[in-house]
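The chain contents come next:
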Amino acid sequence: MNETLASFVPMLGRALLHFLWQGAVIGVVAALLLRALRDARRPHARYAVACLALLACALAPLLDIAWQLAAARHAVLPVVVAPAMAALPALGDTTQALARAWYFDDALPAIVALWASGACVLLLRMAAGVW
C-alpha cells in the first residue's frame, strides 16, 4: 500500500502542475466562446459551454493521471533527470543550483500535501455551510 501511494503522489503532483496550464487553456477557450455567444437569444448555448468547460476541468487531471499510468506501464514516462545532473561536469555551484531548482520531482509531495490540505479546508467550509 505504501509503495502504491508513493508512486501515486508524484503522478498526482504532475497532474496538478499540468492542470495549471490546462485549466488556463480551458478558461480562455470558454471565455472566447461565451463572448461569441453573448448576443444569443437563448442562454442554452452559453450554459452548455459553461457546463462543458467545468466538465473539461474535472476530466483534465483524471485523463492526465490515466495517461501517466499508461505511459508508466510501457516504461516511457520515467525520465530520470537527477543522475544526469549529478553526472554533469562541475559547471559552478550557481548553475547546478539553478538546474536543480527546476527539478520538480523533489517538491511534488509537498505540492500534493498543500493541495490536499487546501481541498480539506474548503470541504470543511462547505460542510459547515450545509450544516
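Residues numbered from 1 in each chain as written. Predicted model: local features only at pLDDT ≥ 70, side-chain atom pairs only at ≥ 80, totals over all residues. Heavy atoms only, no water.

(A) Quick look at the overall build of the chain. Helix and strand counts for the chain come out as five helices and zero strands. The order of helices and strands in the chain, counted from the N terminus, is α-α-α-α-α. Per-residue burial over the chain gives 17% buried out of 131 residues. Residue pairs in contact within the chain that sit at least 24 positions apart in sequence constitute 63% of those at least 6 positions apart. A total of about 10,100 Å² of accessible surface is found on the chain, and carbon and sulfur atoms cover 73% of it. (Helix = DSSP H or I, 4+ residues; strand = E, 2+ residues; numbered from the N terminus. Buried < 20%, exposed > 50% of the residue type's maximum accessible area, 1.4 Å probe, protein only. Contact = heavy atoms within 4.5 Å. Areas by Shrake-Rupley, 256 points an atom, 1.4 Å probe, with all protein chains shown as cover.)

(B) Spotlight on the packing of helix α1 (residues 2-36) against helix α2 (residues 44-73). Close contact between α1 and α2 brings their axes to 9 Å; oriented N to C, the two are set at 155 degrees. Taken together, the axes of α1 and α2 are roughly antiparallel relative to one another. Here the hand of the crossing between α1 and α2 comes out right-handed. Of the residues contributing to the contact of α1 with α2, the split by class is 19 nonpolar, three polar and three charged. (Axes fitted to C-alpha atoms, helices over the stretch in contact; angles between N-to-C directions. Parallel < 35°, antiparallel > 145°, perpendicular 65-115°, else oblique. Left-handed = near helix turned anticlockwise from the far one by under 90°. Nonpolar A, V, L, I, M, F, W, Y, C, P; charged D, E, K, R; others polar.)

(C) Structural detail: the packing of α1 against helix α5 (residues 108-130). It is the contact of α1 with α5, at a shortest axis distance of 8 Å, that shows an interaxial angle of 70 degrees. Accordingly, the angle class assigned to the pair α1 and α5 is roughly perpendicular. Between α1, through V9, P10, L12, G13, R14, L16 and L17, and α5, the contact on the second element is made entirely by L108, P109, I111, V112 and W115.

(D) Fine view of α1. If you check α1, its first and last C-alpha atoms are 49 Å apart, about what 35 residues at 1.5 Å a residue would give, namely 51 Å. The largest bend along α1 measures about 35 degrees and falls at F19. Along α1, the positions that sit buried rather than exposed are V9, M11, L12, G13, A15, L16, Q22, G23, I26 and A30. Those residues of α1 that are buried lie in contact with α2 and α5. (Expected span 1.5 Å × (residues − 1). Bend = angle between axes of the 7 residues up to and from the residue.)

(E) Region of the structure containing the nonpolar core. By size, the foremost hydrophobic cluster in this structure holds six residues: V9, L12, A15, L16, I65 and V112. It is α1 that provides the largest number of residues to this core, a total of four residues. Setting aside anything within four residues of it in sequence, one finds L16 in contact with V112 and W115. (Core = buried A, V, L, I, M, F, W, Y, C linked by side-chain atoms within 4.5 Å.)

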